[in-house]
Amino acid sequence: MDDEGHPLLLSVDDLPSAPISSTSSSTSLLLDPIQPPLHPQESLTTPRRLPLRAPSIEFDSTPSRPRPRAYTLSHSAFGSFGTFPSTARAGPVPAPTIISRVRLFFLQLFSNLSSAGFLVLIVIWALSSRTLHAILTKAVKRERREWDTDERRKKYADEKVVKDIRYYARNCGFDVVETVVETKDGYLLKMFKVVCLKKKGKTHSDGRKGFPVLIQHGLFQSCGSFITSEERSLAFWLAEHGDYQVYLGNNRGVFDMGHVALKRSDPRFWDFNIKELALYDLPAMVDYVRRDTGYDKVAFIGHSQGNATMFCSLAQGMVPELGSKLSIFIALAPAVYAGPLTTGFPFGALKNMKWRTWRRVFGVLDFIPLMRISYNLVPSKPFGLLGYQMFAFLFNWTDANWLLSRKPKKFRYTPSPVSSASVFWWTGFGGFSTRGCVLDTAVDKWFDNRFPPLAIHHGGRDYLVLTEPLIERLKTHETDVNVIRVKKMEEGEHCDFFWHVDAVELCFHSFLEDIERTRPRYPEEEHDSESSEEDEEK
């Protein structure tokens, strides 16, 4: 659609893919066969794994389409194709000229002032609303857990509130290995691999270590969301109790990451939305994890936008072949259908805002730059507490299920930088909050038989997204999708699947169980199984 909302007459063949990056492999291989669906009568405790195959040589997941010259960002963000609907924006951003730079300066000057005013209004409104709510509401009675001992509290009493992933890891017996992954369109993504220092990692008979797990964050967040609950953090717990190789992904632009050719001050750098994350970021991270571990498949856990991106990646017309590389897809608070909050303030006002107006108010770089400036300059604890108040107001979150001492840490990583175009895709004219779905509901079938086994976890008090329509769609239309678990946390909110004080007991054991029963078998397990069968025959 153009800037006025008229459809763009653009065919799939007219949409070039991203250019080849310097890290791409030119080796072409056949795709691995997808795991067949579990039999309907198999229970959640039925052990079932595929025979382990030798790892294939690396190949990438980016769709094969005619490629433009290096790093020309005139890709598919501005027209709908396949199952993915785009928003009404004006088209790819051209290379800057002297005149365009002058215009950009004044545009950003005005938008910085207007978006800062918008943010201040939201913060004041949020603080007022939250203060009134605290006065009128009875305090939540919090029961102390057995594991929350005096010794543990003393250990973390002096813990700082910082932006350092490694600091939190080392504080509770872990470490992280930082790496940079390049996407096909030249963006540099920061990833972390969790290392458990409490025990020696097991090496299997084929020389490989534990099965790989990739965790992806939601909108306005980063991988910091999964490491701020001490040893009970999702990333640390899986690394210790599952003996997995746990990787933490981050979207483009997060942690001040850049591009091989574009500066962060260039509008072309920020000219992306969830489609680019689906076409380029997730495939790049999945392929990196496969290459780094030697496994054909990866277990994927995505929260909110993190799983919405994967649903988009796996849709027909996008990158459905990526499903062949996943052993399981665990979706936490699946952001496929919009919840009732997307119609309230301020979302009700934003969804009527067309791109021409939006760019004047919020600019064409990162969304509300004052948030990024505050992230870098405001002391950590005040920033975290203010961040909580703002998001609690916007998304109707509460801290009823959290350990209060963790709250400043959790919101030290929230909000993280997001492109203005991305937020427009979610909340602007013709966006997610208007359509009500990330994919085109008029399409008869979104996914094919390459979709991996799916586990869904949703909350009864999550008003940002709706899961019931997704479950119904999977039953009636998506017959190739093997749903192995649907679990509802009745009192759960949007982030409680990893921030809840009892997340380990309520969720993590289920994650581990589903990863175990869908992963390929290790060579020694194959050998033991064959030996058992021979003994039974005798």
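Please read these numbers as outputs of a predicted model, since none were measured by experiment. (Residues numbered from 1 in each chain as written. Predicted model: local features only at pLDDT ≥ 70, side-chain atom pairs only at ≥ 80, totals over all residues. Heavy atoms only, no water.)

Caption draft 1: Geometry of empty space enclosed by the protein. Applying the stated criterion to the full structure yields 5 cavities of 30 Å³ or more. Taken as a whole, the largest cavity holds about 510 Å³ of empty space. Lining of the largest cavity is provided by 33 residues; of these, Leu 219, Phe 220, Phe 347, Phe 395 and Thr 427 occupy positions nearest its centre. Contributing elements (two or more residues each) for the lining of the largest cavity: α1 (98–136), α7 (347–350), α10 (380–395), α12 (420–427) and α13 (432–435). Sort the elements by how many residues they give to the lining of the largest cavity and α10 lands first, with 4 residues. By residue class, the composition of the lining of the largest cavity is 23 nonpolar, 10 polar and no charged. (1 Å grid on protein atoms, 1.4 Å probe; cavity = no way out; pocket = protein on both sides within 12 Å on 5 of 7 lines; lining within 4 Å. Points joined across faces, edges and corners; volume = space filled by probe spheres on them. Helix = DSSP H or I, 4+ residues; strand = E, 2+ residues; numbered from the N terminus. Nonpolar A, V, L, I, M, F, W, Y, C, P; charged D, E, K, R; others polar.)

Caption draft 2: Just the environment of Met 353, in detail. Among the secondary structure elements, Met 353 is positioned in the loop between α7 and α8 (355–362). Look at Met 353 and you get buried, because its relative accessible area is 16%. For the pair Met 353 and Gly 430, spaced 77 residues apart in sequence, the C-alpha to C-alpha distance is 9.0 Å. When near neighbours in sequence (up to four residues on either side) are disregarded, Met 353 contacts Trp 358, Val 361, Phe 362, Phe 424, Gly 428 and Phe 429. (Buried < 20%, exposed > 50% of the residue type's maximum accessible area, 1.4 Å probe, protein only. Contact = heavy atoms within 4.5 Å.)

Caption draft 3: Region of the structure containing the side chain of Gln 245. Position of Gln 245 relative to the elements: it lies in strand β4 (residues 245–248). A residue is classified by how much of its surface remains accessible, and Gln 245, at 8% relative accessible area, is buried. Polar contacts involving the side chain of Gln 245 include one to the main-chain carbonyl oxygen of Gly 210, which spans 2.7 Å. Here Gln 245 is in contact with Lys 193, Lys 209, Gly 210, Phe 211, Pro 212, Val 213, Thr 293 and Tyr 295, once residues within four sequence places are set aside. (Polar contact = N/O pair within 3.5 Å; in protein donor to acceptor, adjacent residues only side chain to side chain.)

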